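# Tertiary structure, described
What follows is the residue order along each chain.
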Amino acid sequence: MSTIPFQQAKLVELYCLEPVFFASRELSDTYYTEGVIGNYALTYALGRVNSPYRLQGQATGRPTYKEDLQPIAQDFYILPASPVGSVTFRFERFNALSDSYWYAMTNNRVATAREDLPLQRQGKKPSSFRPSNFPQTGRLRMIERRNKFQTLVFGNYQLPNYIRLGKFMSKVKVNVLNEFSVTLLPEGEYQSQHYLNAADLPQQIEALAFDLISIPPAPIIKNLRFRGAAWQVGEMTVPAGLHFCGRESNNE
């Protein structure tokens, strides 16, 4: 790789002012947030791309990360945010059952009299009602307030002071700690301590060893030892050629 698309990068701290929730893992009726913040979620939260709050119609069939993120990939990139120290969590129980006069537990949803009366008149059983993917009861493991995360933001982009993050649009403070120039390092063997999105890694690098955090929409890699070109940002090293959905686009 002979050129660097980004001339500068910012080291950014994210300070959680409210509990942050993502459905990273689902075990029975408990929904777990992992101690990492994905870079796709951060890009939406920073306002670089927009997405409707609720998908409807054909848009519910698949996510649109590729269509949303690739148009800005030439002048902006952000790494997944890694925790500063150990992450603390909190558990909360939620109950979204209806308070209507009549309701019934059906196939993965609660049927209420107002919306399901036509089905009742047809003689259908509650178990045959249309299922929903919205849970009604359960527990949430959330990232507790006052946790700190760090990430690198590539590109000349003015960052907001606050963002809303996660399923519940929790408030997070954005602090720019430092700004560095980006230097291209020749091909060799390097170790990267930053969290990386597996879908954004370039095809040219050879991954020798890494730890994997399996979360949607793409696994997160940490402690990557690789062979190939690299970018040096201050004292930090990451693979050269990081690009939104880069590995997928190279396979086309």
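Residues numbered from 1 in each chain as written. Predicted model: local features only at pLDDT ≥ 70, side-chain atom pairs only at ≥ 80, totals over all residues. Heavy atoms only, no water.

## Here's the deal with the pattern of salt bridges
Applying the stated criterion across every chain, the model contains eight salt bridges. Of the charged contacts, one joins Asp75 and Arg48 as a salt bridge, the two residues approaching to 3.6 Å between their closest N and O atoms. Of the two residues, Asp75 sits in the loop between helix H2 (65–69) and strand E4 (77–78) while Arg48 sits in the loop between helix H1 (39–45) and H2, which places them 27 residues apart along the sequence. Using a relative accessible area of 45% as the deciding quantity, one classes Asp75 as partly exposed. A salt bridge links Glu144 to Arg90; the nearest nitrogen and oxygen atoms lie 3.5 Å apart. Of this pair, Glu144 sits in the loop between strand E9 (137–143) and strand E10 (148–154) while Arg90 sits in strand E6 (residues 89–95), and the two are 54 residues apart along the sequence. (Salt bridge = Lys/Arg side-chain N within 4 Å of Asp/Glu carboxyl O. Helix = DSSP H or I, 4+ residues; strand = E, 2+ residues; numbered from the N terminus. Buried < 20%, exposed > 50% of the residue type's maximum accessible area, 1.4 Å probe, protein only.)

## Re the nonpolar core
In a soluble, globular protein the nonpolar side chains are often hidden away together inside. In this structure, Leu14, Phe154 and Phe244 are the most contacted members of the largest nonpolar core, which totals 54 residues. At the level of secondary structure, the elements contributing two or more residues to this core comprise strand E1 (8–16), H1, E4, E10, strand E11 (162–165), strand E12 (170–192), strand E15 (220–233) and strand E16 (236–239). The dominant element in this core, judged by the number of residues it contributes, is E15, at seven residues. Ignoring sequence-local partners within four residues, the contact set of Phe244 consists of Asn39, Tyr40, Thr43, Leu69, Gln70, Ile72, Ala73, Phe76, Tyr77, Ile78 and Asp200. (Core = buried A, V, L, I, M, F, W, Y, C linked by side-chain atoms within 4.5 Å. Contact = heavy atoms within 4.5 Å.)

## Describing the sheet that holds E6
An order of E2-E3-E9-E6 is seen for the four strands of this open sheet, with the pairing classed as mixed. Sheet topology places strand E2 (25–27) and E6 at the edges, where each strand pairs with a single neighbour. The sheet shows a mean angle of 20° between the axes of neighbouring strands, direction not considered. Judged from the three bridges that link them, strand E3 (residues 30–32) and E9 form a sheet pairing that is parallel. Paired with Tyr31 across the strands is Leu140, a residue of E9. (Pairing = 2+ DSSP bridges. Axes fitted to C-alpha atoms, helices over the stretch in contact; angles between N-to-C directions.)

## A look at the confidence of the model for the protein
Looking at the protein, the pLDDT average stands at 85 and 77% of residues meet or exceed 70. Highest mean pLDDT in the protein belongs to E10 (97); lowest belongs to helix H3 (residues 113–121) (54). (pLDDT = per-residue confidence, 0-100.)

## Digging into the environment of Ile205
Its place among the elements puts Ile205 in the loop between strand E13 (196–197) and strand E14 (206–213). Linking Ile205 and Glu189, residues 16 residues apart in sequence, is a C-alpha distance of 9.7 Å. Excluding residues within four positions of it along the chain, Ile205 makes contact with Leu224, Phe226, Arg227, Ala229 and Pro239.

## Some details on the environment of Ser170
Structurally, Ser170 can be placed in strand E12. Exposure remark for Ser170: the relative accessible area of 3% places this residue in the buried category. For the pair formed by Ser170 and Val20, sequence separation is 150 residues and the distance between their alpha carbons is 5.7 Å. When near neighbours in sequence (up to four residues on either side) are disregarded, Ser170 contacts Glu18, Pro19, Val20, Ile163, Arg164 and Leu165.

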